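# Descriptive structure summary
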Amino acid sequence: MRRFILFLLLTTVACRQGSSQQTSQATTSKTDTTGFYQTKTPANDGIGRVYMGREISEVMGHLGAGWLERSDREQEERTDLLAGALDLKPTDVIADIGAGTGYFSFRLARLVPQGKVLAVDIQPEMIEYLTAGKRKAKTPNVEPVLGTITDPKLPANGVDLALLVDAYHEFSNPREMIDNVVKSLRPGGRVVLVEYRAEDPNVPIKEHHKMSEAQATKEMKAAGLSLLKNDRRLPQQHILIFGK
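Every value quoted in this text rests on a predicted model; they were computed, and no experiment measured them.

Here His-238 shows up in strand 11 (residues 237-243). At 3.2 Å, the side chain of His-238 and the side chain of Asn-230 are in polar contact. Look past the residues within four positions of His-238 in its chain and what remains in contact with it is Leu-193, Val-194, Glu-195, Arg-197, Glu-199, Met-211, Ser-212, Glu-213, Asn-230 and Asp-231.

Below is the structure:
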């Protein structure tokens, strides 16, 4: 628990001391010409930008990279179980959106040896982590991709599965991002959100860094996606699988 409290303090600092791109995200979020968003006084861990009744959370910046790669992450989150829920084929193209340090990108790349993983992040610092990690992990089928706050820069009709692990709730422009993700999906393609369960008060994560199944389903429906399955194998997180 002490480690977790320290993490909360560190991620708060990381949110406020992140890259210039993150700062741009927070500034951009105050102005909306799309009609999708509203503004409010920010909560302690929110940015004051509201989408479909949900205040968007602050971003965990690149300074929190150590938390993503902590040695006990697999034990705490049972990350080893996630791949089994994804029903991957060796030829699949996976978009790991909000890839961060590539914790999942490099693991999943080995499961799609004839396919590839598009490791997307909006922070140039994370792209540097990914590029270095690709060499270290010897996974040539991982391709780092620098996206923007509205567009993950994915190829149209080129993705079999878009994976967003603890990332979607931080998007300052979730509607535009998911609309662009949907455009990238091949026939039968899926979008998978892994999010801490807001329905469970025992999950020790800040409120705005959780999502409920109902809220996620409502937001994905607005982008033309339906909930296919909520896989419940993880101890603290939803695995919400959506398709057209």
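Below, the discussion takes up helix 9 (residues 213-222). Listing the buried residues of helix 9 in full gives Gln-215, Ala-216, Glu-219 and Met-220. What you see down the axis of helix 9 is that its buried residues fit within an arc of 125°, all on one side. Exposed positions of helix 9 whose direction lies more than 90 degrees from the buried face are Ala-214 and Lys-221. In this structure, the buried side of helix 9 is in contact with strand 2 (46-51), strand 3 (54-57), helix 8 (174-184), strand 8 (185-197), strand 9 (210-211) and strand 11. With its phi angle positive at about 90°, Gly-224 sits one or two positions after the end of helix 9.

Moving on, we get to the side chain of Gln-237. Within the secondary structure layout, Gln-237 lies in strand 11. Relative accessible area serves as the criterion here: at 2%, Gln-237 is assigned to the buried category. Within the local environment of Gln-237, its side chain forms a polar contact with the side chain of Asp-166, the two groups lying 3.0 Å apart.

What counts and what doesn't
Residues numbered from 1 in each chain as written. Predicted model: local features only at pLDDT ≥ 70, side-chain atom pairs only at ≥ 80, totals over all residues. Heavy atoms only, no water. Helix = DSSP H or I, 4+ residues; strand = E, 2+ residues; numbered from the N terminus. Polar contact = N/O pair within 3.5 Å; in protein donor to acceptor, adjacent residues only side chain to side chain. Contact = heavy atoms within 4.5 Å. Buried < 20%, exposed > 50% of the residue type's maximum accessible area, 1.4 Å probe, protein only. Arc of directions from axis to C-beta.

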